Amino acid sequence: MVKVFGGVAVLRGVDLPVGEHSVVALIGGSGSGKSTLLRCASLLETVDDGQVLLDGEDVTDPRVDADQVRRRLGVVFQAYNLFPHLSVLDNVTLAPTVVHGRPKAEAVDEARTLLTRIGLADKAGEYPDRLSGGQQQRVAIARALAVRPRVLLLDEVTSALDPELVGEVLALVREVAAQGMTILMATHEMGFARQVADTVAFLSDGVVLESGPPAQVLGDPVQPRTRRFLSRVIDAGRL
Amino acid sequence: MTGGQPPGAGLPGSGLPGNDPRTRTSAGPAAAERHPVPPPSELELSRRAWRRARGRRSTVVALASTLLFAAVAYLVVTRAPGWPRVRTTFFSPTVAVEHLPEILVGLWLNLQVLVVGGVLVLVVGLLVALARTVRGPAFAPLRILATTYVDLFRGVPLIIVLYLVGFGLPALRLQGVPTSPFVLGTVAVVLTYGAYVAEVFRAGIESVHPSQRAAARSLGLSYRQSMRIVVLPQALRTVTPPLLNDFVALQKDVGLISVLGAVDAVRSAQIAVGQTFNFTPYVVAGLLFVLLAVPSARLADAVTARARRRQQAGGLL
Ligand SMILES: Nc1ncnc2c1ncn2[C@@H]1O[C@H](COP(=O)(O)OP(=O)(O)OP(=O)(O)O)[C@@H](O)[C@H]1O
Ligand SMILES: [Mg+2]
């Protein structure tokens, strides 16, 4: 996959298989293109070369209906993108009812179950700007799960959470993964990657420089650049 | 009341959590049980008393300065050498009372144009704004058409549009083209204001952060669904204050349909002036338009203030 912004190739040939039921953590410095990769994968950006394959189908083919493809994806962004004019419950039930045509009552039931799971059942009627950042992010995850996606794309979902809440989200993600969810997530939290991911991929200079099991990539990286990145992260106290 | 409280007297308890207004307003019944709001401390009570006292003081100051200003203005005008003459030709109570009924009847026509025109302006403005923002090569003609319309009718003075529509259209003598000055005047007003309001709507649509569209599209919503469910509701909130301001402007501009010969408030006043050689009817009509505009202007202020408060509340998070 290649993505160019204003003559600069942010991604210049990224190749990253994400197996079914697996959790792939994307790590890399700020500006290395993690968000860009996820935006390309969710077809919010058009790739400048290469392919995105979803269940073997080339979804970057311009003849493919992008709306149809996005219905099979769940995306949670770096910044909260809840709809401020809709209540928490309406945020979560919007896509199931409007896009997937599920009955309202059923969607509401499911949404309440999801909200209970993330510990925000009592906030169903609130508006997003009344929630803390961490609460908003958990609702965003619930909203993405509500469409029962084939793949969950998470962009630094824990970066806004209190340490005690990170564990909660981690458990949620692990639980979702155990139910067969395929997850591709960008993260700065190496501890999180180590605990949840099956595969860690280090993105640098527009390519996947190194990828493998978390123990190997995070514990004993082959590439000097990965070592340097990780030592900087350790200095910052994030491992 | 308790304004004389020595500072710091109520310090114990003032450091309690739970005085945060957000906890108070947003907590549901369940949360309220978990965190009962403690009774206000002495310190808080003295603060509230001080704020109340300050509020009363500002009211008195505002009242006094307004009265002073009015008195000065009154003296300057009434001592002007030409004042007696101006008073009889512009402010004659007898002429005012005599011609008020027909001016009011005329104003009723203005009101009708205002209501019908106002609704149509909203519809035209929204449709044109959507046409200008729609993407895709197939819609290029639509975009060009909408842009041309906006450029044209924002540039041409309303009075010229009134002449062209009011006298040009009927002159074509096409079948089905209305000839009533009421209809033609409304059309002209809608054409001009539709262009302004389209730009207001477009600005509102573009002010919705792109990440909102991204979030909507990533959920699988189509372009139309994202627009209808996510972007437009947020845009409408933003544009309500400027729209109300445009409405205030429209209220006085509906008086211009008199140039087409429609017997509205302005035209009625003109006829009365012609009969009496006294300008008081114009003053009466003018005052009536002001009376009409004041409530909307205050409403616009209130809505703007509320929008600003909401924004600030969001900014604290
Ligand atoms: N729309 C855009 N237009 C131009 N340049 C962009 C755009 N989006 C991203 N970039 C550039 O692409 C590079 C990668 O950005 P990206 O947001 O993907 O980084 P990231 O790895 O997610 O960083 P972070 O960890 O800080 O979130 C950056 O240099 C950024 O400036
Ligand atoms: Mg990023």
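Residues numbered from 1 in each chain as written. Chains lettered and ligands numbered in written order. Predicted model: local features only at pLDDT ≥ 70, side-chain atom pairs only at ≥ 80, totals over all residues. Heavy atoms only, no water.

1. Digging into the pairing of strand β7 (residues 151-155) of chain A
All names here are of chain A.
Here's step 1: The buried fraction of β7 is high, at five of five residues.
Here's step 2: Bridge count between strand β6 (residues 73-76) and β7: four bridges; the pairing is parallel. Within β7, the position partnered with Val75 by the bridge is Leu153.
Here's step 3: Where β7 meets strand β8 (residues 182-186), five bridges bridge the pair, whose relative direction is parallel. Bridging across to β8, Leu152 finds its partner in Ile183. (Buried < 20%, exposed > 50% of the residue type's maximum accessible area, 1.4 Å probe, protein only. Helix = DSSP H or I, 4+ residues; strand = E, 2+ residues; numbered from the N terminus. Pairing = 2+ DSSP bridges.)

2. So, the interface of chain B and chain A
When the parts come together, some accessible area is lost, and that loss is often what is quoted as the size of the interface.
Here's step 1: Tallying the contact residues gives 22 residues for chain B and 23 residues for chain A.
Here's step 2: For the pair chain B and chain A, the summed buried area comes to about 2100 Å², and 58% of that belongs to carbon and sulfur atoms.
Here's step 3: The tally of links between chain B and chain A comes to one salt bridge.
Here's step 4: The salt bridge partner of Asp67 of chain A is Arg217 of chain B, with a shortest N-O separation of 3.0 Å.
Here's step 5: Between the two partners, chain B and chain A, sit five residue pairs in polar contact (both at pLDDT 80 or more).
Here's step 6: Within the residue set of the side of chain B that touches chain A, elements represented by two or more residues are α1 (21-26), α9 (210-218) and α10 (223-253) of chain B.
Here's step 7: Taken together, the residues that form the side of chain B that touches chain A break down as 10 nonpolar, nine polar and three charged. (Contact = heavy atoms within 4.5 Å. Buried area = accessible area lost by both parts, 1.4 Å probe. Salt bridge = Lys/Arg side-chain N within 4 Å of Asp/Glu carboxyl O. Polar contact = N/O pair within 3.5 Å; in protein donor to acceptor, adjacent residues only side chain to side chain. Nonpolar A, V, L, I, M, F, W, Y, C, P; charged D, E, K, R; others polar.)

3. Here we look at the side chain of Ser222 of chain B
Here's step 1: As for its placement among the helices and strands, Ser222 of chain B is situated in the loop between α9 and α10.
Here's step 2: For Ser222 of chain B, the contacting residues outside a window of four places in its chain are Asp67 of chain A together with Arg217 of chain B.

4. So, the pattern of salt bridges
All names here are of chain A.
Here's step 1: In the structure shown here, the tally under the stated rule is 23 salt bridges over all chains.
Here's step 2: For Arg148, the salt bridge identified is with Glu110, shortest N-O distance 2.6 Å. With a gap of 38 residues between them, Arg148 in the loop between α5 (133-145) and β7 and Glu110 in helix α4 (residues 104-117) connect regions that are remote in the sequence.
Here's step 3: Residue Glu110 is classed as partly exposed on the basis of its relative accessible area of 26%.
Here's step 4: Three or more residues are tied together by salt bridges with common partners; here these are Glu20, Asp55, Glu57, Arg72 and Arg150.

5. Focus: the packing of aromatic side chains
How two aromatic rings sit relative to each other is set out by the distance from centre to centre and by the angle between their planes.
Here's step 1: Overall, the coordinates contain seven aromatic pairs over all chains when judged by the stated rule.
Here's step 2: On the numbers, 5.3 Å between centres and 15° between planes, the contact of Phe90 of chain B with Phe279 of chain B is stacked. In this pair, Phe90 of chain B sits in helix α4 (residues 83-90) while Phe279 of chain B sits in the loop between α11 (265-276) and α12 (280-315), placing the two residues 189 residues apart along the sequence.
Here's step 3: Taking relative accessible area as the criterion, Phe279 of chain B reaches 36% and is therefore assigned partly exposed.
Here's step 4: An aromatic cluster of at least three residues, connected via ring pairs, comprises Phe90, Phe279 and Tyr282 of chain B.
Here's step 5: The ring centre of Phe83 of chain A lies 4.6 Å from the NZ or CZ of Arg143 of chain A, which sits over that ring. (Phe/Tyr/Trp six-rings, centres within 6.5 Å; stacked < 30°, edge-to-face > 60°. Lys NZ or Arg CZ within 6 Å of the ring centre and 35° of its normal.)

6. A look at a positive patch on the surface
Residues and elements named next belong to chain B.
Here's step 1: There is a patch of like positive charges on the surface, built from Arg237, Arg306, Arg308 and Arg309.
Here's step 2: The dominant element in the positive patch, judged by the number of residues it contributes, is α12, at three residues.
Here's step 3: Here Arg309 shows up in helix α12.
Here's step 4: Residue Arg309 is classed as exposed on the basis of its relative accessible area, which comes to 52%. (Patch = residues over 30% accessible without salt bridge, like charges linked within 9 Å, V, L, I, M, F, W, Y side chains within 5 Å. Areas by Shrake-Rupley, 256 points an atom, 1.4 Å probe, with all protein chains shown as cover. Lys, Arg positive; Asp, Glu negative; His and termini not counted. Charge placed at Lys NZ, Arg CZ, Asp CG, Glu CD.)

7. Some thoughts on the site of ligand 1
All names here are of chain A.
Here's step 1: Among the 13 residues in the neighbourhood of ligand 1, the closest are listed as Ser30, Gly31, Ser35, Thr36 and Gln78.
Here's step 2: The side chain of Lys34 places a nitrogen or oxygen atom 2.8 Å from an oxygen atom of ligand 1.
Here's step 3: The contact in question runs from an oxygen atom of ligand 1 to an N or O atom on the side chain of Glu156, over 3.2 Å.
Here's step 4: Expressed as a share of its isolated accessible area of 630 Å², the protein-covered part of ligand 1 is 58%.
Here's step 5: Top contributing element to the shell around ligand 1 by residue count: helix α1 (residues 34-41), with three residues.
Here's step 6: When its residues are assigned to classes, the shell around ligand 1 shows two nonpolar, nine polar and two charged. (Near = heavy atom within 4 Å.)

8. Some details on the pairing of strand β9 (residues 199-204) of chain A
All names here are of chain A.
Here's step 1: Buried residues dominate β9, accounting for five of its six residues.
Here's step 2: Where strand β3 (residues 23-27) and β9 come together, four bridges link them in parallel fashion. In the sheet register, Ala25 faces β9, and the bridge partner there is Val200.
Here's step 3: Strand direction decides the pairing type here: β9 and strand β10 (residues 207-212), joined by five bridges, are antiparallel. Residue Ala201 lies in a different strand from β10, and its bridge partner there is Ser211.
Here's step 4: The hairpin turn running from β9 into β10, its antiparallel successor, is two residues long, and Asp205 in that turn takes a positive phi close to 55°.

9. Things to note about the sheet that holds β10 of chain A
Within a sheet, neighbouring strands are paired by backbone hydrogen bonds and run either parallel or antiparallel to one another.
Residues and elements named next belong to chain A.
Here's step 1: Spatially, the six strands line up as an open sheet ordered β6-β7-β8-β3-β9-β10, and their pairing is mixed. One side of each edge strand has no neighbouring strand; the edge strands of this open sheet are β6 and β10. Here the average twist between neighbouring strands, direction ignored, is 15°.
Here's step 2: Most of the contacts of α5 go to β6, to which it runs at about 170°, and overall it touches β6 and β7. (Axes fitted to C-alpha atoms, helices over the stretch in contact; angles between N-to-C directions.)

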